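Listed below are the residues making up each chain.
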Amino acid sequence: MIAHLYSPTECPACKRENATGHLCPGCRPEMLSVYGRCSICFSVLAQRNCSFCQNRNVLFDRHISTFGLNSECKRVLQAWKFENERRAYLWSLPYLKERLHTLLKEADIIRRPGYLIYIESGGSSRDTRNYQPVADLSRHLETPALPACGMLKKVRTRKQSGAGRKDRFFQLKGSIQLTVKYRPAFYYVILEDVFTTGATASEASRILKKQSGAQVLVLSLFMAE
Ligand SMILES: [Zn+2]
Ligand SMILES: [Zn+2]
């Protein structure tokens, strides 16, 4: 592991050596288009009504994502979260900053105080890495008007290996808790690495709204569609 720190940097997707450790131009994905998507969950709209929102309890006010989860992005995610490549996300910062700006501009709350929330990992993930990927990311995106804060944490729940996808969605209740860092605000932006079913974002939103009634927005780096 120590030797790895001194090795030349490489593209997190194709593993070719380069000077920055960022994605090389050939691996860099296109940003997702913001057009033709649901104004709440950001899913592509096939019809006038959003099937994603109709089939779920969507409790956040608005989600915006940055990139689809193509094979390069999957490799970045794997390296970043499970292979100790702590800097694997750095190439994405300008794109994420742009998306955050779009989100705040739309919500018309730029001048009101809010918080950028990362969800602290639960106990089990501390065995696999000694850093919190989304907490790292939040520190690059925070501003004086939108400080980063670990107001929520994942809590260990009983083993759910036998549960199907749908069951897991309902079992999320109780899997996230407020931390002592909770502060009231006009709005919150929950930062996520991957948005898939929206279940984590909805549960986090439910907890925040119960506590504060604030507007809850969600910004994700990748979206699995
Ligand atoms: Zn590459
Ligand atoms: Zn929707």
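What you are looking at is a predicted structure, and each value in this text was computed from that prediction instead of being measured.

A. Examining the overall build of the chain more closely. Regarding its fold elements, the chain presents seven helices and six strands. Ordered by position from N to C terminus, the α and β elements of the chain give α-α-β-α-α-β-α-β-α-β-β-α-β. For the chain, buried positions account for 31% of its 225 residues. Counting contacts in the chain only where the partners sit at least 6 residues apart, residues at least 24 apart contribute 73% of the total.

B. Expanded view of unusual backbone geometry. Residue Phe-42 is not a glycine yet carries a positive backbone phi of 75°. With respect to the helices, strands and loops of the structure, Phe-42 is situated in the loop between α1 (2-5) and α2 (51-54). Accessibility expressed as a C-beta count within 10 Å gives 22 for Phe-42, which makes it buried.

C. Representation of the sheet that holds strand β5 (residues 187-195) within the structure. Strand order in the open sheet formed by six strands is β1-β6-β5-β2-β3-β4, and the pairing between neighbours is mixed. Looking along the sheet, the strands with just one partner apiece sit at the ends: β1 (62-68) and β4 (176-178). Across this sheet, the average inter-strand angle for adjacent strands is 30°, counted without regard to direction. As paired elements, strand β3 (residues 148-154) and β4 share three bridges and run antiparallel to each other. Each residue of the ladder has a partner; that of Leu-152, found in β4, is Leu-178.

D. Looking closely at the nonpolar core. Counting residues in each nonpolar core, the largest one holds 49 residues, and the members touching the most others are Val-76, Ile-117, Tyr-188, Val-189, Ile-190 and Leu-191. At seven residues, the largest contribution of residues to this core is made by strand β6 (residues 215-223). When neighbours within four sequence positions are excluded, Val-189 is seen to be in contact with Leu-103, Gly-114, Leu-116, Ile-117, Leu-146, Leu-217 and Leu-219.

E. Geometry of the pairing of β6. With nine of nine residues buried, β6 lies mostly within the body of the structure. Where β1 lies against β6, six bridges are found, and the strand directions are parallel. Pairing of Phe-67 across the sheet is with Phe-222, part of β6. Taken together, β5, helix α7 (residues 199-212) and β6 constitute a β-α-β crossover, and its handedness is right-handed.

F. Representation of helix α5 (residues 133-141) in the model. Of the residues making up α5, those classed as buried are Pro-133, Val-134, Leu-137 and Ser-138. In a view along the axis of α5, the buried residues occupy a sector of 130°, so they form one face of it. Elements that come into contact with the buried residues of α5 comprise α3 (71-82), β2 (114-120), β3 and β5.

G. Broad picture of the pairing of β5. Two strands pair when backbone bridges link them, and β2 and β5 are joined in this way by four bridges, in the parallel orientation. Its bridge partner lying in β5, Tyr-115 is registered against Tyr-188. Bridging between β5 and β6 involves eight bridges; their strand directions are parallel. The residue bridging Glu-192 from the neighbouring strand is Ser-220, located in β6.

H. Region of interest: the environment of Glu-83. Residue placement: Glu-83 occurs in the loop between α3 and α4 (93-107). Overall, Glu-83 belongs to the partly exposed group, with 14 C-beta atoms counted inside 10 Å. For the pair Glu-83 and Thr-128, spaced 45 residues apart in sequence, the C-alpha to C-alpha distance is 8.5 Å.

I. Quick look at α7. With 14 residues, α7 extends 20 Å from end C-alpha to end C-alpha; this agrees with the ideal 20 Å at 1.5 Å per step. Of the positions making up α7, those classed as buried are Ala-199, Thr-200, Ala-201, Ser-202, Glu-203, Ala-204, Ser-205 and Leu-208. After α7 finishes, the residue Gly-213 shows a positive phi value of roughly 70°.

Analysis parameters
- Residues numbered from 1 in each chain as written.
- Chains lettered and ligands numbered in written order.
- Predicted model: local features only at pLDDT ≥ 70, side-chain atom pairs only at ≥ 80, totals over all residues.
- Helix = DSSP H or I, 4+ residues; strand = E, 2+ residues; numbered from the N terminus.
- Buried ≥ 20, exposed ≤ 12 C-beta atoms within 10 Å, placed from the backbone.
- Contact = placed C-beta atoms within 7 Å.
- Pairing = 2+ DSSP bridges.
- Axes fitted to C-alpha atoms, helices over the stretch in contact; angles between N-to-C directions.
- Core = buried A, V, L, I, M, F, W, Y, C linked by C-beta atoms within 7 Å.
- Right-handed = clockwise from strand over helix to strand, strands pointing away.
- Arc of directions from axis to C-beta.
- Expected span 1.5 Å × (residues − 1).

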